[in-house]
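Structure at a glance
Here's the letter readout for the chains.
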Amino acid sequence: MKCFIGIDLGSTTTKAVLMDGNQHILGRGITNSRSNYDTASRVAKQEAVVDTRMTLCRRGLAGAAGLEDGLDDFLGELERSFRLEQFLDQLGDLEATCKTQITGDRFAGVEKEVDAALVAIFDELRDTAPALFAPGAKRKSDFFRDIAGAHYLQVAEKVAKEAGLPYELLLNVYDKSIIDVENRPPSEDLTGKFVDALVRVLAATSGDGRDAGDIEQRVKDALAIELEETFVVGTGYGRVTLPFSKEHIRSEILCHGLGAHMMYPKTRTVLDIGGQDTKGIQVDASGIVENFQMNDRCAAGCGRYLGYIADEMNMGLHELGPMAMKSTRSVRINSTCTVFAGAELRDRLALGENREDILAGLHRAIILRAMSIISRSGGITDQFTFTGGVAKNEAAVRELKKLVQENYGDVTINIDPDSIYTGALGAATFAHRAVEDGAAREGVQA
Amino acid sequence: MSTKPQAAQTEVAKDDSMLKQKTMMAGHYERLTSAKETGAKTCSTFVPGNLNELIMCFDLLNNLPEVNAIQAGLRKKSGLYVMESEKLGHSEDVCTYVKSDIGMMAKGNLAPNGKALPDPDVLMLSYTGCFTFMKWFELLREQYKCPTIMLHTPYEGDGKITANMRDYMVKQLKEEVIPTLEEVSGVKFDIDRLREYLKKSALAEDDLVHVLQSAKNKPSPIDAYFGGIYYIGPIFGAFRGTDDAIDYYRTLREEVDARVAAGAGPVTPDGDMGPEKYRLIVEGPPNYTSFRDFWKMFYDEGAVVVASSYTKVGGVYDLGFRHDPDNPLESLADYCLGVYTNRNLPQRVEMLADYVEEYEADGLLINSIKSCNSFSAGQLLIMREVERRTGKPAAFIETDLVDPRYFSPANVKNRLESYFQMVDQKRASATASGVAA
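Residues numbered from 1 in each chain as written. Chains lettered and ligands numbered in written order. Predicted model: local features only at pLDDT ≥ 70, side-chain atom pairs only at ≥ 80, totals over all residues. Heavy atoms only, no water.

1. Comments concerning the interface of chain A and chain B
- On the side of chain B, 27 residues touch chain A, which itself brings 26 residues to the contact.
- Interface area, chain A with chain B, both sides summed: about 2,200 Å², of which 46% is carbon and sulfur.
- In this structure, the connection of chain A to chain B is made through two salt bridges.
- For B:Glu398, the salt bridge identified is with A:Arg376, shortest N-O distance 3.2 Å.
- Summed over the shared surface of chain A and chain B, the result is nine residue pairs in polar contact (both at pLDDT 80 or more).
- The set of elements that each furnish at least two residues to the side of chain A that touches chain B consists of helix H8 (252-263), strand S7 (289-294) and helix H12 (355-377) of chain A.
- By residue number, the principal contributor to the side of chain A that touches chain B is S7(A), which donates six residues. (Contact = heavy atoms within 4.5 Å. Buried area = accessible area lost by both parts, 1.4 Å probe. Salt bridge = Lys/Arg side-chain N within 4 Å of Asp/Glu carboxyl O. Polar contact = N/O pair within 3.5 Å; in protein donor to acceptor, adjacent residues only side chain to side chain. Helix = DSSP H or I, 4+ residues; strand = E, 2+ residues; numbered from the N terminus.)

2. Considering the sheet that holds strand S8 (residues 384-387) of chain A
Residue and element names in this part refer to chain A.
- The strand order S7-S6-S5-S8-S9 describes an open sheet built from five strands, whose pairing is mixed. Every other strand in the sheet has two partners, leaving S7 and strand S9 (413-414) as the edge strands with one partner each.
- Looking at chain direction, strand S6 (residues 278-283) and S7 are connected through five bridges and run antiparallel. Residue pairing across strands places Val283 opposite Val289, the latter belonging to S7. (Pairing = 2+ DSSP bridges.)

3. Let's talk about the environment of B:Asn50
Residue and element names in this part refer to chain B.
- As for its position among the elements, Asn50 is in the loop between strand S1 (41-45) and helix H3 (52-57).
- C-alpha of Asn50 to C-alpha of Pro325: the two residues are 275 residues apart in sequence and 17 Å apart in space.
- The residues contacting Asn50, other than those within four sequence positions of it, are Thr45, Asn62, Ser126, Phe236, Gly237, Arg240 and Tyr335.
- Among the polar contacts listed, one links the side chain of Asn50 to the backbone oxygen of Phe236, at a separation of 2.8 Å.

4. Some points on the pairing of strand S2 (residues 60-63) of chain B
Residues and elements named next belong to chain B.
- Of the two faces of S2, the one holding Leu60 and Asn62 and the one holding Leu61 and Asn63 are both buried throughout.
- Across four bridges, S1 lies against S2 in parallel orientation. Paired with Lys41 across the strands is Leu60, a residue of S2.
- For the crossover from S1 across H3 to S2, the handedness is right-handed. (Buried < 20%, exposed > 50% of the residue type's maximum accessible area, 1.4 Å probe, protein only. Right-handed = clockwise from strand over helix to strand, strands pointing away.)

5. Topic: unusual backbone geometry
- The omega angle of the peptide bond from A:Asp382 to A:Gln383 is -5°, so this bond is cis rather than trans.
- Relative to the assigned elements, A:Gln383 resides in the loop between H12 and S8.
- Cis peptide bonds are those with omega within 30 degrees of zero, and the linkage from B:Lys218 to B:Pro219 qualifies with 0°.
- Considering the arrangement of structural elements, one finds B:Pro219 in the loop between helix H9 (191-213) and helix H10 (226-236).
- Positive phi values are uncommon outside glycine, yet B:Glu360 reaches one of about 45°.
- Tracing the backbone through its elements, the reader meets B:Glu360 in the loop between helix H14 (345-358) and strand S9 (363-369).
- Overall, the relative accessible area of 49% leaves B:Glu360 in the partly exposed class.

6. So, helix H12 (residues 291-299) of chain B
- Among the nine residues in H12(B), seven count as buried, and that is most of the element.
- Residues B:Phe291, B:Arg292, B:Phe294, B:Trp295, B:Met297, B:Phe298 and B:Tyr299 constitute the buried set of H12(B).

7. Notes on the packing of aromatic side chains
Residues and elements named next belong to chain B.
- Scanning all chains against the criterion turns up 30 aromatic pairs over all chains.
- Measuring from centroid to centroid gives 4.8 Å for Tyr248 and Tyr249, while their planes differ by 85°, and the two rings are edge-to-face.
- A residue is classified by how much of its surface remains accessible, and Tyr249, at 0% relative accessible area, is buried.
- Sitting over the ring of Tyr335, Arg240 keeps its end group 4.5 Å from the ring centre. (Phe/Tyr/Trp six-rings, centres within 6.5 Å; stacked < 30°, edge-to-face > 60°. Lys NZ or Arg CZ within 6 Å of the ring centre and 35° of its normal.)

8. Some details on the sheet that holds strand S3 (residues 25-32) of chain A
Residue and element names in this part refer to chain A.
- Ordered by their spatial adjacency, four strands build an open sheet running S3-S2-S1-S4, and the pairing between neighbours is mixed. Sheet topology places S3 and strand S4 (228-235) at the edges, where each strand pairs with a single neighbour. When the angles between neighbouring strand axes are averaged without regard to direction, this sheet yields 15°.
- As paired elements, strand S1 (residues 2-9) and S4 share seven bridges and run parallel to each other. Within the sheet, the bridge partner assigned to Asp8 lies in S4 and is Thr235.
- Together, S1, strand S2 (13-20), S3 and S4 form the strand contacts of helix H1 (residues 37-61), whose direction differs from that of S3 by roughly 145°. (Axes fitted to C-alpha atoms, helices over the stretch in contact; angles between N-to-C directions.)

9. A word on the side chain of A:Asp284
Residues and elements named next belong to chain A.
- Relative to the elements of secondary structure, Asp284 occurs in the loop between S6 and S7.
- Among the polar contacts listed, one links the side chain of Asp284 to the backbone nitrogen of Ser286, at a separation of 2.8 Å.
- Discounting residues that sit within four places of it in the chain, Asp284 has contacts with His261, Thr267, Arg268 and Glu290.

10. Some points on helix H9 (residues 303-312) of chain A
All names here are of chain A.
- When H9 is considered as a whole, its buried residues turn out to be Gly303, Tyr305, Leu306, Ile309 and Ala310. An end-on view of H9 places all buried positions within 155° of arc, on one side of the element.
- Looking one or two residues past H9, Asn314 carries a phi angle of roughly 55°, positive in sign. (Arc of directions from axis to C-beta.)

11. As for the side chain of A:Gln383
Residue and element names in this part refer to chain A.
- The class of Gln383 is buried, set by a relative accessible area of 16%.
- A polar side-chain atom of Gln383 sits 3.0 Å from a polar atom in the side chain of Asn414.
- Beyond its immediate stretch of four places on either side in the chain, Gln383 contacts Tyr264, Lys266, Thr267, Arg268, Thr269, Thr412 and Asn414.

12. Here we look at the state of the cysteines
- Enumeration according to the criterion identifies zero disulfides over all chains in this entry.
- A disulfide-free cysteine, A:Cys57 has its sulfur positioned 14 Å from the sulfur of A:Cys3, the nearest such atom.
- Here B:Cys95 is not cross-linked by a disulfide; its sulfur's nearest cysteine counterpart is in B:Cys130, at 6.3 Å. (Disulfide = S-S within 2.5 Å.)

13. Quick notes on the pattern of salt bridges
- Applying the stated criterion across every chain yields a total of 62 salt bridges over all chains.
- The residue A:Arg348 makes a salt bridge to A:Glu353 at a minimum N-O spacing of 3.7 Å.

14. Quick look at the environment of A:Leu75
Residues and elements named next belong to chain A.
- Here Leu75 shows up in helix H2 (residues 71-100).
- Assessed through its relative accessible area of 4%, Leu75 is described here as buried.
- Residues Leu75 and Val195, 120 residues apart in the sequence, show an inter-C-alpha distance of 13 Å.
- Contacts of Leu75, omitting those with residues within four sequence positions, involve Met54, Cys57, Arg58 and Leu61.

Dropping the structure here:
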């Protein structure tokens, strides 16, 4: 099967979208952007491939005996089981890496004890891993670093105490290892992991009236479909680090414009609030960018600003929007300058304003700034699409809707649940077009 | 104005004109910095609407603080000067030409040759398109306590020079400017000497226009923005009216003609530019502290600037203006009134839209300058209007003149690449609809 892949190497997250020759999205992948963009793009791409395999499994399992009503549940189990396999694989890598760090003066005389402590820690991490991927399990993050890190630190404290070792020693081993593990390209053996995952799921669900042999065959058929990487296009701030030639690279402004067009063909104005910049983009009926404006010189009011505010308030980034939604009255925050906003925030807190109302004011300040950038790019024309990670923030969306209504009246506002993938979708579409246009040119020449 | 970027990493053969300009500029700075020993007197003035021919009539040397700031920018010294100025109390938002100049004075006022520039004997402001310039000269007057001539140039608000405006300026020249210059220099004004200089100016101006308009060729043999900044150096600065300028522009013209004949593109700091992929019109001054990196972002992509408004701040010769020896004072008045920055927005829009058409450009790019309200005001409006009239895409980037803190390479490159790709898309869709039709 011919595949077209778009990779958006953003400052915070790296996203990938995989589409087929009919421009149907088969899979999406996301990872946190690390210092090593190369690895981030490979991980995101692999995640998109995993998602694609799930799509193909869904197609393959349609109509399988015993799954008529339970297909979604079964696929959910399969994916969780696969994630567990993946997690265990990386955990093994982390353990092996940790063991290589037990050298030098700090460990003199306690090498054996530290080694034994590591075995104890990783045994427990492996034992508790299935619970992390059980149905309904809540995780703060889906990234290995976050999940493994939190648990390691927790278990290490206990193990250190029991073994009479300094906790810092075990911490040090982990700190030195996690970066290596994170920056190592993931193992490419997806099929093996899927098969192992499937065996586990089938064993756990035997006797449900399912034809295990048939299901296994259908999944294996889905896994056997060759995914031919026909053309890859990269975008985002890390795009220059991709080992691609120039024709494989597009600016994220064009990718967000085209991606938004693919999601909503009637879009004429696009707002993208990314980690580093905010863009107001005007596109024509074919998704071609007609004009754009970006924030200048500082990232005031960008996604990073929210990250900063979250840090200031000692909260998770994803908790900001929901908390702001609880606001009952508006507090005016004038500044989108990150540092000034921090000052205003402290000032308001000191004056006794509640956090919900202050956060609502901060969200409004960001959107006010975005409105200025949009107006500089030519204003809002029906339909209007909001893309980027901040589009998932309901408080930002609420303020945006209010301000768009006040300034431009009734225009359709599109926000896709997969808005974070808009840039990668645009890139994948460019990849598809590159091949299509090439074929068209060859056709003309012939 | 010698605006040579840092020495090229790879040695590129220098054209005769480049070597000549280098010698001319070195000589000029040598004359200025040895003024004390030679007894020469100096006049500080500005580039837009400067009266070099008149200054020469009084044996005064022309010193241009703006050019000194540009030189400091290119030589990576302006950042220090700007901060020195801020220490002295000038706000972050003030024109960085001013701050670089003020900071440079505080640090010994060294010319590019490493010697101190002399205190001016007279300050002459002949241009008021930018009110900051008036404040700048008030600061210099405070510093040097020397006579200051403020030649008021009416803004071309209605888009034309009226007889009244011209008479008003000639009156000032006769009653204020010339008598003060006579007094400062001790030299009697001789109008025939002025006529002689103006005649020479016009000759050099003819060749400059020929060079600038050579960009109508495909490929363009010159870059009319980055390269153009070299070309306008002598004529916008201290050489208009001299034999040196005539020689320089004649040599340059011959070189450019040879490039056209050979079908060659522009010369860049890295040698000849590759194939011409994009033809752009640029509005606004460049960034000087990252001049070479900025230019590289263009030529690496095969983008050549075929016309720019910045190369008209010291005179719009390509629209027909020439210094006229038969009407010397009127001609000086028309010159001051007509420079690009003294023109109103409709005139600027018309000029840029015409350039897009005449030079068969792919579109307009605006470089908006953070610390220059005068140049930047109305630029978004200009952009929209030029887009509307030409149907060609436009884009907006933001940098600063000589403050290195306001040049964000990642941001600028991102916008430029997006713009070039936008041009590609536009072309592809135009071709597609052409095929469909």
